[in-house]
Amino acid sequence: MRKKFLLIALGAVALLALGAVASGCGGSDDSASTAAESSEATETTTSAPAAGGETLTIEMDDYKFIPADATAKAGSVTIDAENVGAMPHELVLAKSDLDPAKLPTTSNGEVDESALDIVGEAADVAPGDTGSFSADLEPGSYVMICNLPGHYAAGMYGSLTVK
Ligand SMILES: [Cu+2]
């Protein structure tokens, strides 16, 4: 599949090169960027179905994740963060060996996200809604937090172990 795609991409580049020669120098930059964009689009379409990727559902209740300590297999993982609580929540996932209860915080008590290696986020999920994101997870320890004001301090954090 990938080889075939590369051949098509090479073919497109060759055609564009011929076109640039035929039409002179003008506009060759535009043609090149158009080709890059369409190649990207093709690749995205080709790999769109997260084939074999695991889906992990994490419920977000008022000030807690369920399960609080999740596990997943390494590789492409789609996380569905389902808000079963009465207020908005979010799920921020970061690769970290730190205790999720003892993450670096800013002066207002929120987690200092700039100090973390964020790998994905379902931001501002309304009650009853589900926020989703996919990430290519390598084995290791991850922390998940809700960093809406006051939620982390109220205990809204958990861990994800990827094996
Ligand atoms: Cu929250």
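Residues numbered from 1 in each chain as written. Predicted model: local features only at pLDDT ≥ 70, side-chain atom pairs only at ≥ 80, totals over all residues.

Observations concerning the sheet that holds strand E8 (residues 140–145)
Taken in spatial order, the five strands make up an open sheet running E3-E9-E8-E5-E6, and their pairing is mixed. This sheet does not close on itself; its edge strands, each paired only once, are strand E3 (69–72) and strand E6 (117–125). Across the sheet, the mean angle from the axis of one strand to that of its neighbour is 20 degrees, orientation sign disregarded. Relative to strand E9 (residues 157–162), E8 is paired through six bridges, and the arrangement is antiparallel. The residue bridging Gly 140 from the neighbouring strand is Val 162, located in E9. (Pairing = 2+ DSSP bridges. Helix = DSSP H or I, 4+ residues; strand = E, 2+ residues; numbered from the N terminus. Axes fitted to C-alpha atoms, helices over the stretch in contact; angles between N-to-C directions.)

Concerning the environment of Val 162
With respect to the element layout, Val 162 can be found in strand E9. A tally of 19 C-beta atoms within 10 Å means that Val 162 is categorised as partly exposed. Put simply, Val 162 and Pro 139 are 23 residues apart on the chain and 4.6 Å apart in space, counted from C-alpha to C-alpha. In this view, Val 162 contacts Ala 72, Ala 74, Leu 137, Glu 138, Pro 139, Gly 140 and Tyr 142; residues no more than four positions away in its chain are not counted. (Buried ≥ 20, exposed ≤ 12 C-beta atoms within 10 Å, placed from the backbone. Contact = placed C-beta atoms within 7 Å.)

With respect to the sheet that holds strand E1 (residues 54–61)
Strand-to-strand pairing in sheets goes through backbone hydrogen bonds, with the strands running parallel or antiparallel. Taken in spatial order, the four strands make up an open sheet running E2-E1-E4-E7, and their pairing is mixed. In this open sheet, the two edge strands, each paired with only one partner strand, are strand E2 (64–66) and strand E7 (130–137). Averaged over all pairs of adjacent strands, the angle between strand axes in this sheet comes to 25 degrees, irrespective of strand direction. Sheet topology note: the E1/E2 ladder contains three bridges and is antiparallel. Bridge pairing in E2 places Glu 59 opposite Ile 66.

Comments concerning the pairing of strand E4 (residues 75–83)
In this sheet, E4 lies alongside E1 in parallel orientation, the contact comprising seven bridges. Each bridged residue has a counterpart across the sheet, and for Glu 54 the counterpart in E4 is Val 77. With eight bridges connecting them, E4 and E7 associate as antiparallel partners. Across the sheet, the residue bridging to Glu 82 is Thr 130, located in E7.

Just distances and angles here, no functional claims.
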